[in-house]
Amino acid sequence: LVKSQLQAKNLILTGMRGSGKSKLGSLLGRMLGRRFIDIDDLIEEKEKKSIPVIVANRGWKYFRMLERKAVKKIASVRGTIIATGGGTLMDKQNTRILKKNGKVIFLECPAKIIRKRIAESITRPSLTGKKSFLDELEEIYKKRKGEYQFVADATIDTSEQSHRKRHDLDLKIKHLMNQMRRWGMVE
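No experiment lies behind these values; they were computed from the predicted model shown.

1. Brief notes about the overall build of the protein
Thinking step 1. Looking only at helices and strands, the protein features 9 helices and 5 strands.
Thinking step 2. Sequence-ordered secondary structure for the protein, helices as α and strands as β, is α-β-α-β-α-α-α-β-α-β-α-α-β-α.
Thinking step 3. When each of the 187 residues of the protein is scored for burial, the buried share is 51%.
Thinking step 4. For the protein, contacts bridging at least 24 residues in sequence account for 73% of all contacts bridging at least 6.
Thinking step 5. Surface accessibility of the protein: about 10000 Å² in total, with carbon and sulfur atoms responsible for 52%.

2. Comments concerning the packing of helix H3 (residues 39–47) against helix H4 (residues 51–58)
Each pair of packed helices can be summarised by the angle the axes make with each other and by the distance between the axes.
Thinking step 1. Where H3 contacts H4, the two axes come as close as 9 Å, and the packing angle between them is 65°. Considered as vectors, H3 and H4 are oriented roughly perpendicular to each other. Where H3 abuts H4, its residues Asp40, Ile43, Glu44 and Glu47 lie against Ile51, Pro52 and Ile54.
Thinking step 2. When the residues that make up the contact of H3 with H4 are grouped by side-chain class, the tally is 4 nonpolar, no polar and 3 charged.

3. Observations regarding the side chain of Asn94
Thinking step 1. With respect to the element layout, Asn94 can be found in helix H6 (residues 92–99).
Thinking step 2. Since its relative accessible area comes to 1%, Asn94 is described here as buried.

Cut-off values and rules
Residues numbered from 1 in each chain as written. Predicted model: local features only at pLDDT ≥ 70, side-chain atom pairs only at ≥ 80, totals over all residues. Heavy atoms only, no water. Helix = DSSP H or I, 4+ residues; strand = E, 2+ residues; numbered from the N terminus. Buried < 20%, exposed > 50% of the residue type's maximum accessible area, 1.4 Å probe, protein only. Contact = heavy atoms within 4.5 Å. Areas by Shrake-Rupley, 256 points an atom, 1.4 Å probe, with all protein chains shown as cover. Axes fitted to C-alpha atoms, helices over the stretch in contact; angles between N-to-C directions. Parallel < 35°, antiparallel > 145°, perpendicular 65-115°, else oblique. Nonpolar A, V, L, I, M, F, W, Y, C, P; charged D, E, K, R; others polar.

The following block contains the structure:
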């Protein structure tokens, strides 16, 4: 492919809640001067409600329908950094649409570290409806990990969690940039 075509490819970040998709995606977008789209944010803007409220009022099935609509809406963007929701690429149609013009990176992070990162986030809705989102985390991670690995073009470990947050972020961004260079998406 011609260099400009490679640079027009989207970078799609996937992984569990708390793996760093939104944080790293927005930082990377700013660094590269590329647009950043968070699919969850798109849904919240369109619905004028938070995801926990949408799920509480209408359920996960309705939310997943909104997610498919959001994916279709952004199908034509180019050269964009896209953060998916944790379950977005569990839907084969979403995966097919996003991979048409993008490369997927699975941000891998063990459940025990994710648990620490999102423990304060009491607004996250349960995915199973049977347990709190923290109690179900390990179970959901085990179910999804293989699918994340299957759809991903590359995997980057985002578990680095020292007391030097800026250093940790810089390291993760460096790994993302290196992968993008390997694909010819950046100079």
